[in-house]
Amino acid sequence: MPGRRNRQSLIESDPVTSLKPTLASIFNDAQRTTATHRKLVNATRSLQDACVEREGEDGEEAFTTEFLKCLNKVLPVKKSEPTADRVVKFCVAFIQHIQETGVENQDEDVMDMSEADIETTGMRFADAVMRHLLRGLEAKDKVVRLRCCQVITLAINSLSAIDDDVFEGLRTGLMRRARDKESSVRVQAVVALSRLQGEDDEEGREVVKALKLLLQTDPSAEVRRAVLFNIEQNKGTLPYILERARDQDPINRRCVYSRSMRELGDFRLLRIKDRERILKWGLKDRDLNVRKAAAKMFSSEWIEQANNNLLELLERLDVVNSQVAEDAMQAFFTARPDVVDAIEFNDDFWLNLTAESAFLARTFIDFCHFTEVSSKMEDKLPEVTRLAFYIQRYVNALGEAEELQKPELEFVVEQLLMIALSVDFADEVGRRTMYRLLRDILVIPELPEVITAKVIQVVRKVTDREVDFSQTIIEVISDLHDTVADKEGDGAGDDSFHSAQSDVDGQSPQPQRSRPVLSEEEEEAKLIRQSMINMKCLHIAQCMLENVEGRLQNNTHLVNILNGLIVPSVRSREAPIRESGLHCLGLCSLLDDALAKENLGLFVHCFQKGHEALQIKALSIICDIIMSHGLSVLDDMGVDVLNETLLTALQWSESPEVQAAAVEGVAKLMLSNIVTDPNILKILVVLYFDPSSSENQRLRQCLTYFLPVYCHSLGDNQVRMQQVAFSALHHLCSVYDDLEEGENMVSPMMIAQQLLDWTDPTKLVKVTMQEGQEILPDADVQANMARDALYQIREADKEERKVLCSMLGKLYINERTAAPLLLELQELASDIVEEKVVTDTLAKNALVKFTASLDKLVSTIPQDKLQYDIQAEESSVETAGEEEEGPAPEVPEDSVQDESVMMEDDEEEEL
């Protein structure tokens, strides 16, 4: 092989003859380092020019052929070899060089050639290389396909022009490689295809369509990332790019925020809905790095694109209806402490509040209140008296505003009330001022419910005791009802509604005055007005009950509200009032177990006979009552009635919302170990996998969290799951066999794997003893599962047997499993093998392997221990039989002590 010194002399003397050793020498030098590539590219170009000058087309063809032979040496080299990567870069650099160089530095004969001829030489060489690589795209060797895609990817940008047939071959070949079974090949094919995308022609649109499909469906995270980085951002592709913020791979999700959104340029190109989604997905992501990337995007890039104006940025988020703006502001203040130090709220700011500025003030105060910078909040907050003035100002403006302005003013008042929840009411003058203002606000009949709830929360904070708080609310309810009655000119009010204040006073009703005769329209308007006030009073009572914790019987004001307002509302003929009263009655039942026991039958009746919304409310009330008071409130009804109600809601309800509410309630009760019925657990397992619940995301999400937490928290829970596992699996196998077209369901094999995971005793929460020794997993749980599986194998069909046999080898069974249970498993498995119940080859092999493992385990157990365990098992069975035959004879009291001593002596002898 010629050295570097005589390489030039060989080129000048006889380039065609010395072509092979010279090119080999160049490629040899190229694989060592990339530093000399520029010099080697020039030498290769000189060699090509010399061949063309000396032999014409034959010399050009000889050079191309020899170059491709050298390139072929690299194509089978595996991806991790750096020398091959250097040679590939050298080849691409040479292709780019011959496309760019002109006619300068050529000898006189070459100078006579036209520029078109020079370009044709480069074009012919590039065309030959591309055609050669196209053949490599169909190679059987995955490394060759990878290297060919790699060279095409790097070289395609430098091609000045190529023939139409080559372009079509590249597009077709790369589209085919984009579906290659090797993900590394698909990555290179995607990068190359991205150079051919475009919206100007049909071919380019087909490429874009293929890239969008890969971005959504490719199983490899690297391929999806390659598409994400290389697909053009336009109106058609942007939704697909934003979808990757929910990608399974955390790196892809992070790249959306750190790269794709930055390349977008201006977030205002996104719709408000898309801004909301991208922020919500990023700031609430389970991966810390994704959350950091989303916070950085919002606090650094978006604020710059909004001219560093925080209020303008909030205007772009629609904070009135936003669900993520608060999280975004908390992330912003955390990432930008300089803004936290510089922000100021002066008097003009408070007097000219908008939705954005009120939201900014409230989120800033919340941030200071819950972090270590709470000292800065005191300087930014107004005095309590001043804050009460601001609240009154905007409440008055709300009452005088037009309909279009009311939503924003409602939001402003709500934010001010939330600020009041963070205020220290140590100032007695300010506290009294705020108390009087809030009491006057509550009497406004047209006050929105959202503001009413916030006002009552502030009233609870202003008042010291629950008794004073409930007294204030009962006075407000009385004043509110009497105000409306005065407007109607009738002091008695509605006969069907009993004022709570009248029960307190205990006065006998006054004789009614003669009422004026009203027209039908006036009578209807009166009834509507009364219904609205009744609903308003019930909502106030509901908000009050949500803010008290003491026992109902210890607070006479709560008892008066119950008897004077809530109970009559439950008996009302108007459905909205009756349902609101039922809600309040449920809240009262949480405060008193006797009331809960008395009205539990009513809630069950409402579930059985009510419509969908009432069923959901009744289920929530029933489950909350059981959670608060336990099963003691079921004395009159019995646990069976509760289980029947829950099973009806889970199994027979046609409403997805009712099913989801039932699942949430049952999950709470089962996690609290209040409900332990295995049938309910079986229904939950079936619901989780059943195709009928595939569209009920609320139900699926609840069960996705509940089932592993329930099974891995207690060993008793795993035993219950083991008891219902195979009956549930058998039912689901039947459902899977009867699937209709268009229905989707996970395979029984995957369901079996999930059941094994839930009953795996090694995944229980680690419990340590007082001595610090870790409790070993229970080896009998999945051994009992093996016994159930062996019994099920005899009755199952062929497909179900495959699933059951595949489970046997994955069960947790070891030498700590009870000896009688091991012997029973050994006998069952041996009988099944001998009787040839299983005919499938794979299932039979799994069963034989399981039987061999049982034989090995039994052989390791000492004979004396085995005999002792068997005798203990037999004695326990005999004892159980004696208990079933009849009660034991009475023992005299004076002989109890002697009998216990005899038992101790017998135990010592046995040991």
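Residues numbered from 1 in each chain as written. Predicted model: local features only at pLDDT ≥ 70, side-chain atom pairs only at ≥ 80, totals over all residues. Heavy atoms only, no water.

Draft legend 1. Broad picture of the overall build of the protein. In terms of regular secondary structure, the protein is built from 45 helices and 0 strands. Taking all 911 residues of the protein together, the buried fraction comes to 47%. Working note: accessible area of the protein is about 47,500 Å², and carbon and sulfur atoms make up 48% of it. (Helix = DSSP H or I, 4+ residues; strand = E, 2+ residues; numbered from the N terminus. Buried < 20%, exposed > 50% of the residue type's maximum accessible area, 1.4 Å probe, protein only. Areas by Shrake-Rupley, 256 points an atom, 1.4 Å probe, with all protein chains shown as cover.)

Draft legend 2. Highlighting the pattern of salt bridges. Enumeration according to the criterion identifies 45 salt bridges in this entry. A salt bridge links Glu202 to Arg205; its shortest N-O distance comes to 3.1 Å. Of this pair, Glu202 and Arg205 both sit in helix H11 (residues 202–217), 3 residues apart, roughly one helical turn. Asp366 is the partner of Arg362 in a salt bridge, and the nearest nitrogen-oxygen pair spans 2.9 Å. Of this pair, Arg362 and Asp366 both sit in helix H21 (residues 355–370), 4 residues apart, which is roughly one turn of the helix. Relative accessible area serves as the criterion here: at 3%, Arg362 is assigned to the buried category. Residues joined by salt bridges that share partners form a network here, namely Glu138, Arg145, Arg176, Arg177 and Asp180. (Salt bridge = Lys/Arg side-chain N within 4 Å of Asp/Glu carboxyl O.)

Draft legend 3. Quick peek at the packing of helix H38 (residues 715–737) against helix H39 (residues 748–758). The contact between H38 and H39 brings their axes to 10 Å, and the two run at 175°. Between H38 and H39, the angle is such that the two are roughly antiparallel. Where H38 abuts H39, its residues Gln718, Met721, Ala725, Leu729, Leu732, Cys733 and Tyr736 lie against Pro748, Ile751, Ala752, Leu755 and Trp758. Across the contact of H38 with H39, the residue classes tally to 11 nonpolar, 1 polar and no charged. (Axes fitted to C-alpha atoms, helices over the stretch in contact; angles between N-to-C directions. Parallel < 35°, antiparallel > 145°, perpendicular 65-115°, else oblique. Contact = heavy atoms within 4.5 Å. Nonpolar A, V, L, I, M, F, W, Y, C, P; charged D, E, K, R; others polar.)

Draft legend 4. Structural context of unusual backbone geometry. The backbone of Asn307 sits at a positive phi, close to 60°, despite the residue not being glycine. By the secondary structure assignment, Asn307 is in the loop between helix H16 (288–305) and helix H17 (310–315). A relative accessible area of 56% means that Asn307 is categorised as exposed.

Draft legend 5. Just the confidence of the model for the protein, in detail. Chain-level pLDDT for the protein is 82 on average; 85% of the residues reach the 70-or-more range. Note on residues 882–911: pLDDT is under 50 here. Beyond four places in sequence and across chains, it has 2 contacts. (pLDDT = per-residue confidence, 0-100.)

Draft legend 6. How the structure looks around a nonpolar patch on the surface. A cluster of nonpolar side chains, Leu671, Tyr705 and Val709, forms an exposed patch at the surface whose accessible area comes to about 280 Å². Mapped onto the elements of the fold, Leu671 is located in helix H35 (residues 656–671). (Patch = residues over 30% accessible without salt bridge, like charges linked within 9 Å, V, L, I, M, F, W, Y side chains within 5 Å.)

Draft legend 7. Broad picture of helix H12 (residues 221–230). Counting buried residues in H12 gives 7 out of 10 residues, a clear majority hidden from the surface. Buried within H12 we find Ala221, Val223, Arg224, Arg225, Ala226, Val227 and Leu228. Buried residues in H12 make contact with helix H10 (183–194), H11, helix H13 (238–243) and helix H14 (250–264).

Draft legend 8. The side chain of Thr452, seen in detail. Residue position: Thr452 is located in helix H26 (residues 449–462). Note on Thr452: relative accessible area 0%, which makes it buried. At a separation of 2.8 Å, a polar atom in the side chain of Thr452 contacts the main-chain carbonyl oxygen of Pro448. Beyond its immediate chain neighbours, meaning those up to four positions away, Thr452 contacts Leu442, Leu447, Lys536, His539 and Ile540. (Polar contact = N/O pair within 3.5 Å; in protein donor to acceptor, adjacent residues only side chain to side chain.)

Draft legend 9. Spatial organisation of the packing of helix H25 (residues 428–442) against H26. Orientation of H25 relative to H26, taken along the N-to-C sense of each, is 150°, at an axis distance of 10 Å. For H25 against H26, the interelement crossing comes out left-handed. Contacts between H25 and H26 involve Arg431, Met434, Tyr435, Leu438, Ile441 and Leu442 on the former and, on the latter, Thr452, Val455, Ile456, Val458, Val459 and Val462. Looking at the contact of H25 with H26, its residues break down into 10 nonpolar, 1 polar and 1 charged. (Left-handed = near helix turned anticlockwise from the far one by under 90°.)

Draft legend 10. Quick look at the environment of Asn352. Note on placement: Asn352 falls in the loop between helix H20 (347–351) and H21. Here the alpha-carbon distance between Asn352 and Tyr394, two residues 42 residues apart in the chain, equals 9.9 Å. Looking at Asn352, its side chain comes within polar contact range of the main-chain oxygen of Asp348, at 2.8 Å.

Draft legend 11. Focus on the packing of aromatic side chains. Using the criterion set out here, one finds 25 aromatic pairs in the structure. Measuring from ring centre to ring centre gives 5.9 Å for Phe63 and Phe125, while their planes differ by 45°; the resulting arrangement is tilted. Of this pair, Phe63 sits in helix H4 (residues 57–72) while Phe125 sits in helix H7 (residues 115–136), and the two are 62 residues apart along the sequence. Each member of the pair, Phe63 together with Phe125, is buried. Ring geometry for Phe94 against Phe125: centres 5.2 Å apart, planes inclined by 85°, an arrangement best described as edge-to-face. Taken together, the positions of Phe94 in helix H5 (residues 82–100) and Phe125 in helix H7 put the pair 31 residues apart, joining distant regions of the chain. Comparing Phe94 with Phe125 shows no difference in burial state: the two are buried. Ring-pair connections join several aromatic residues into one group, and the members of that group are Phe267, Phe298, Trp302, Phe332, Phe333, Phe345, Phe349, Trp350, Phe364, Phe367, Phe389 and Tyr390. When the ring centre of Phe229 is taken as reference, the NZ or CZ atom of Arg259 above it lies at 4.0 Å. If you follow Arg393 out to its NZ or CZ, it ends over the ring of Tyr394, 5.8 Å from the centre. (Phe/Tyr/Trp six-rings, centres within 6.5 Å; stacked < 30°, edge-to-face > 60°. Lys NZ or Arg CZ within 6 Å of the ring centre and 35° of its normal.)

Draft legend 12. Geometry of helix H3 (residues 37–55). For H3, with 19 residues, the first-to-last C-alpha span of 27 Å sits near the 27 Å given by 1.5 Å per residue. Phi turns positive one or two residues past the end of H3, at Gly56, with a value near 70°. (Expected span 1.5 Å × (residues − 1).)

Draft legend 13. Region of interest: a negative patch on the surface. A cluster of acidic side chains, namely Glu199, Asp200, Asp201, Glu203 and Glu232, defines a negative patch on the protein surface. Inspection of the secondary structure puts Glu203 in helix H11. With a relative accessible area of 30%, Glu203 lands in the partly exposed category. (Lys, Arg positive; Asp, Glu negative; His and termini not counted. Charge placed at Lys NZ, Arg CZ, Asp CG, Glu CD.)

Draft legend 14. Representation of the nonpolar core within the structure. Within the largest apolar cluster, 272 residues are counted, with the highest numbers of intra-cluster contacts made by Tyr257, Leu279, Trp302, Leu416, Met434 and Leu790. Leaving out residues up to four positions away in the same chain, Leu279 has contacts with Met297, Phe298, Trp302, Leu317, Val324 and Ala328. (Core = buried A, V, L, I, M, F, W, Y, C linked by side-chain atoms within 4.5 Å.)

Draft legend 15. Structural context of the environment of Lys380. Here Lys380 is to be found in helix H22 (residues 375–380). Not counting the four nearest positions on each side in its chain, Lys380 is found in contact with Ile343, Glu344, Phe345, Trp350 and Phe364.

Draft legend 16. Examining the environment of Ala84 more closely. Mapped onto the elements of the fold, Ala84 is located in helix H5. With a relative accessible area of 2%, Ala84 lands in the buried category. Linking Ala84 and Arg147, residues 63 residues apart in sequence, is a C-alpha distance of 9.2 Å. With near-sequence residues (within four places) excluded, Ala84 lies in contact with Val74, Val77 and Arg147.

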